[in-house]
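Here is what each chain is made of, one letter per residue.
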Amino acid sequence: MHRIVYILIFAVILLIFKAFFLDDYLKKQDLENNVTVSQEVQEPVSVEPVPAAPVPVKKVQPTSKNEGMPIDQLGDSIADKLDSKL
């Protein structure tokens, strides 16, 4: 029973060591080994922005079975007043 507890404690200590020290050390070593110096100089490419074409806005009249009802007429009049102010 004591061996199992010691193995579990060792495993936890090993995971903590790996998480805090080994991963960071290996990453630094990998970065140091993969450092390359590029001699090529690229000229910047200038790109002129293209103006966007205006998009025509079409008003779509919704058709519904409730068309002509007083509440729909009220909503349409409010929408027209707000549309002219915006």
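Here the structure is a predicted model, which is why all the values come from computation and not from measurement. (Residues numbered from 1 in each chain as written. Predicted model: local features only at pLDDT ≥ 70, side-chain atom pairs only at ≥ 80, totals over all residues. Heavy atoms only, no water.)

### Regarding the pattern of salt bridges
Summed over all chains, the structure comprises two salt bridges. Two residues, lysine 18 and aspartate 23, come together in a salt bridge whose shortest N-O distance is 3.1 Å. Judged by relative accessible area, which is 38%, lysine 18 ranks as partly exposed. By relative accessible area, which is 36% here, aspartate 23 ends up partly exposed. For the salt bridge of lysine 28 with aspartate 24, the shortest nitrogen-to-oxygen distance reads 3.7 Å. You can see lysine 28 and its partner aspartate 24 sitting in helix H1 (residues 2-33), four residues apart, about one turn around the helix. (Salt bridge = Lys/Arg side-chain N within 4 Å of Asp/Glu carboxyl O. Buried < 20%, exposed > 50% of the residue type's maximum accessible area, 1.4 Å probe, protein only. Helix = DSSP H or I, 4+ residues; strand = E, 2+ residues; numbered from the N terminus.)

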